[in-house]
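# Report on the structure
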Amino acid sequence: MVGRRQFLKKAAGSLASLGGLSLLQRSVFAAATGAEESAILDALPGKEALIKKTYRPPNYETPVSYFDTPFTPNNRFFVRYHNAVIPEVKVSEWRLHVGGDAVRTPLELTLEQLRKDFKPVEIAALCLCSGNRRGLFQPHVPGVQWGSGAMGNARWRGVLLKDVLAGAGIGKSAVEVSLDGADSGVLKTTPDFIKSLPLAKALDENTLIAFEMNGEPLPHWNGFPARLVIPGWTATYWMKHLTAVNVLSKPFDGFWMKTAYRIPKDRFPSGQFSSQETATTTPVTEMVVNSLITNLANGQTLSADKPTEIKGVAWDGGNGIAQMEVSTDGGISWHKATLKQDLGRFSWRQWHYVFEPKRTGEYRIMARATSHSGASQPLEPVPNPSGYHHNAVQKIIIQVA
Ligand SMILES: Nc1nc2c(c(=O)[nH]1)N[C@H]1C(S)=C(S)[C@@H](COP(=O)(O)O)O[C@H]1N2
Ligand SMILES: [Mo]
């Protein structure tokens, strides 16, 4: 555990090498205060310095101040792994296996075949860890203590999973499609990270096997050479270093479906994954409506002499953002923010609001998104044992002097 002072020293040290971006420092500080434990800037090979949560397996979040562009640059994109053995995949050796007990003709595809034999598609989509902001839950819940940076927005290019599955042929008994990647645990007893999708989601017109991100091949840490992209659903299903897709006639019962990534049915919308539901829990699926202020941090002082632009991003599971509101008086009054360009319903939406303080002193800044379905953010996060779907309205206290 690194105390705040020690952390600030470390962060300041890394920042010196970054050219001393003070806003970055503030946002790292904000993440640290939220996530309470070590928030140290550290660069994985090929990445810029990100906020290190754990090294083995690598879990690194993006400083919030980096969320100021429509798409998150690949070298600033967060990294999340469950297991520590992550091979550097060679394209010449890589194959995608399409099989399972409910497939007609098992296939083995090279990257070249994937690229050449199927229609290319590109989609803008937010990749968001189900546990983003887990570190902000009170009381504390176990798991990686993420701040607000376990997310990133990108343009994903690849081919539709449904086209690849059509090539293999889906049997009548199919209910789910499981996904496996090249990474594995250090010990034989560690459950391999395997996820499954309901057949309908696997066949969805937006579900893709992506091999490019923002016009470049996927970075190693984000799933080279190919990963699943399930726009609108949290990133736990976005299998990296994809090696196998199996069409199954029975619900997949591995640890990462049966035990992990579940939420109480009575507290969140359910019904999207009926083959995996129990009487009380359901797998976490669609993202909930949410937003983030990206250019302010707690304790910051703004100048009374000039207007300040408050900026941020907002998103949901695919309905799209209808309205963004900002309060500067702790939620007593709300003002409409301006939504920037619509990059597609699965992308986040940038917004901004011009704040013109009329007096000096303390201000309580809040931001609230409403989706086209009418859903809006709650004032407090919905408690759940694993700390998923934290979408409470953010509160940032600043000073005007
Ligand atoms: N192979 C593999 N894919 C994976 C994971 C993993 O541990 N191994 N984690 C998933 C989870 S929970 C998240 S949040 C995203 C993170 O994607 P990123 O590391 O590209 O940011 O990857 C998903 N795909
Ligand atoms: Mo995740």
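Residues numbered from 1 in each chain as written. Chains lettered and ligands numbered in written order. Predicted model: local features only at pLDDT ≥ 70, side-chain atom pairs only at ≥ 80, totals over all residues. Heavy atoms only, no water.

### A word on the nonpolar core
Core analysis: the largest hydrophobic core is formed by 66 residues, its most contacted members being Leu96, Leu114, Trp156, Ile209 and Trp238. Looking at this core, the element that brings in the most residues is strand 11 (residues 208-213), giving 5 residues. For Leu96, the residues in contact, after removing those within four places along its chain, are Leu107, Glu108, Leu109, Leu114, Ile209, Leu242, Thr243, Ala244 and Val245. One finds Leu296, Met324, Tyr363 and Val400 within the second-largest nonpolar core, a separate group that totals 20 residues. (Core = buried A, V, L, I, M, F, W, Y, C linked by side-chain atoms within 4.5 Å. Buried < 20%, exposed > 50% of the residue type's maximum accessible area, 1.4 Å probe, protein only. Helix = DSSP H or I, 4+ residues; strand = E, 2+ residues; numbered from the N terminus. Contact = heavy atoms within 4.5 Å.)

### Some thoughts on the packing of aromatic side chains
Think of a pair of aromatic rings as described by two things: how far the centres are apart, and how the planes are tilted against each other in angle. Applying the stated criterion across every chain, the model contains 13 aromatic pairs. With a centroid separation of 5.9 Å and 85 degrees between ring planes, the pair formed by Phe77 and Trp156 is classed as edge-to-face. You can see Phe77 sitting in the loop between strand 3 (59-61) and strand 4 (79-80) and its partner Trp156 sitting in strand 8 (residues 151-160), a full 79 residues away along the chain. Of the residues examined, Phe77 reaches a relative accessible area of 0% and is grouped as buried. (Phe/Tyr/Trp six-rings, centres within 6.5 Å; stacked < 30°, edge-to-face > 60°.)

### What to know about the sheet that holds strand 4
If you trace the 4 strands from one edge of the open sheet to the other, you get 1-2-3-4, paired in antiparallel fashion. The open sheet has two edge strands with one neighbour each: strand 1 (40-42) and strand 4. Strand direction decides the pairing type here: strand 3 and strand 4, joined by 2 bridges, are antiparallel. Within the sheet, the bridge partner assigned to Tyr60 lies in strand 4 and is Val79. (Pairing = 2+ DSSP bridges.)

### As for the site of ligand 1
Taken together, 19 residues sit near ligand 1, with Phe78, His82, Asp183, Arg227 and Lys240 positioned nearest. Contact between ligand 1 and Asp183: a nitrogen atom at 2.7 Å from a side-chain N or O atom of the residue. Summarising the interface, the protein chains cover 100% of the accessible area of ligand 1, which totals 530 Å² for the free molecule. Among the residues forming the shell around ligand 1, the class breakdown is 12 nonpolar, 3 polar and 4 charged. (Near = heavy atom within 4 Å. Polar contact = N/O pair within 3.5 Å; in protein donor to acceptor, adjacent residues only side chain to side chain. Areas by Shrake-Rupley, 256 points an atom, 1.4 Å probe, with all protein chains shown as cover. Nonpolar A, V, L, I, M, F, W, Y, C, P; charged D, E, K, R; others polar.)

### Details of a nonpolar patch on the surface
A contiguous nonpolar patch, built from Val85, Val186 and Leu187 and spanning about 270 Å² of accessible area, is present on the exposed surface. As for its placement among the helices and strands, Val85 is situated in the loop between strand 4 and strand 5 (96-99). Judged by its relative accessible area of 36%, Val85 falls in the partly exposed class. (Patch = residues over 30% accessible without salt bridge, like charges linked within 9 Å, V, L, I, M, F, W, Y side chains within 5 Å. Salt bridge = Lys/Arg side-chain N within 4 Å of Asp/Glu carboxyl O.)

### Examining the domain arrangement of the protein
Under the domain assignment used here, the protein contains domain 1 (96-283) and domain 2 (290-400). Taking the mean C-alpha position of each, domain 1 and domain 2 sit 29 Å from one another. Tallying the contact residues gives 28 residues for domain 1 and 23 residues for domain 2. Buried surface at the junction of domain 1 and domain 2, summed over both partners, amounts to about 2,200 Å²; 64% is from carbon and sulfur atoms. Ranking the residues of domain 1 by area buried against domain 2 places Arg133, Phe137 and Phe268 at the top, with a combined share of 28%. Viewed at the interface, domain 2 and domain 1 are joined by 0 salt bridges. At the junction of domain 1 with domain 2, the criterion picks out 9 residue pairs in polar contact (both at pLDDT 80 or more). Sorting the residues of the side of domain 1 that touches domain 2 by element identifies strand 7 (120-128), strand 8 and strand 15 (262-264) as the ones contributing at least two each. It is strand 7 that contributes the most residues to the side of domain 1 that touches domain 2, 5 residues altogether. For the side of domain 1 that touches domain 2, the residue count by class is 16 nonpolar, 8 polar and 4 charged. (Domains from an automatic or database assignment. Buried area = accessible area lost by both parts, 1.4 Å probe.)

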